[in-house]
Amino acid sequence: MNAILPAQQAADPTSSFIHEIIGDSMAPTYLPGRHAVICVPVDGYLCEGVYLINGIELYRCQREGKYVRMWRDNKLCSEFVYRIDIFNGADLALVCADVRITNPSVLRQAQLAA
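Residues numbered from 1 in each chain as written. Predicted model: local features only at pLDDT ≥ 70, side-chain atom pairs only at ≥ 80, totals over all residues. Heavy atoms only, no water.

Student: Explain the pattern of salt bridges here, please?
Tutor: Close approach of charged atoms allows side chains of opposite charge to pair. All chains considered together, the criterion is met by five salt bridges. The residue Glu64 makes a salt bridge to Arg69 at a minimum N-O spacing of 3.1 Å. Arg83 is the salt-bridge partner of Asp85, the closest N and O atoms lying 2.9 Å from each other. By relative accessible area, which is 45% here, Asp85 ends up partly exposed. Residue Arg83 is classed as partly exposed on the basis of its relative accessible area, which comes to 43%. (Salt bridge = Lys/Arg side-chain N within 4 Å of Asp/Glu carboxyl O. Buried < 20%, exposed > 50% of the residue type's maximum accessible area, 1.4 Å probe, protein only.)

Laid out in structure tokens, this is it:
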């Protein structure tokens, strides 16, 4: 598996999707109602970055040998370490772009229509 996500995959609207930030676990970087991220599904750990895990939770992830260290930007949240095979068994998407929401109602309507 490549360590670099191909630009074509990140730009492909059939594979990428928008995930709206719901809670404050990634604050102050991502705030609910103000930010969203564009994600690309991946089969496993590709590189250090922010991953959407099982379609609901964002974590910063860094590989450390046979393990992946996962943490959030909010200092009140816990840090986790998982074996790489356990991490790779999750439903994963890599965040490839940050989006600042300027009109939340239009975003929600677009999500409902999809």
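Student: What should I look at first to understand the pairing of strand β7 (residues 92-100) in this one?
Tutor: Regular strands show a simple pattern: their side chains alternate between the two faces of the sheet. Sheet analysis places strand β2 (residues 35-42) next to β7, joined by eight bridges and oriented antiparallel. The partner of Ala36 across the bridge, within β7, is Val99. Where strand β3 (residues 49-53) and β7 come together, three bridges link them in antiparallel fashion. Counted as the bridge partner of Leu52 is Ala93 from β7. (Pairing = 2+ DSSP bridges. Helix = DSSP H or I, 4+ residues; strand = E, 2+ residues; numbered from the N terminus.)

Student: Looking at this structure, how should I read a nonpolar patch on the surface?
Tutor: On the surface, a nonpolar cluster with roughly 260 Å² of combined accessible area is contributed by Phe80, Tyr82 and Ile86. For Ile86, the position within the fold is in helix α2 (residues 84-88). (Patch = residues over 30% accessible without salt bridge, like charges linked within 9 Å, V, L, I, M, F, W, Y side chains within 5 Å. Areas by Shrake-Rupley, 256 points an atom, 1.4 Å probe, with all protein chains shown as cover.)

Student: Looking at this structure, how should I read the packing of aromatic side chains?
Tutor: The description of an aromatic ring pair uses the distance of the two centres, along with the angle that the planes make with each other. Evaluated as defined, the whole model comprises five aromatic pairs. Here a set of aromatic residues connected by ring pairs shows up, and it is made of Tyr45, Tyr51 and Phe87. Here the basic side chain of Arg69 rests over the ring of Trp71, its NZ or CZ set 3.9 Å away from the ring centre. A cation over a ring is seen here: Arg72 above Tyr59, with NZ or CZ 4.2 Å from the ring centre. (Phe/Tyr/Trp six-rings, centres within 6.5 Å; stacked < 30°, edge-to-face > 60°. Lys NZ or Arg CZ within 6 Å of the ring centre and 35° of its normal.)

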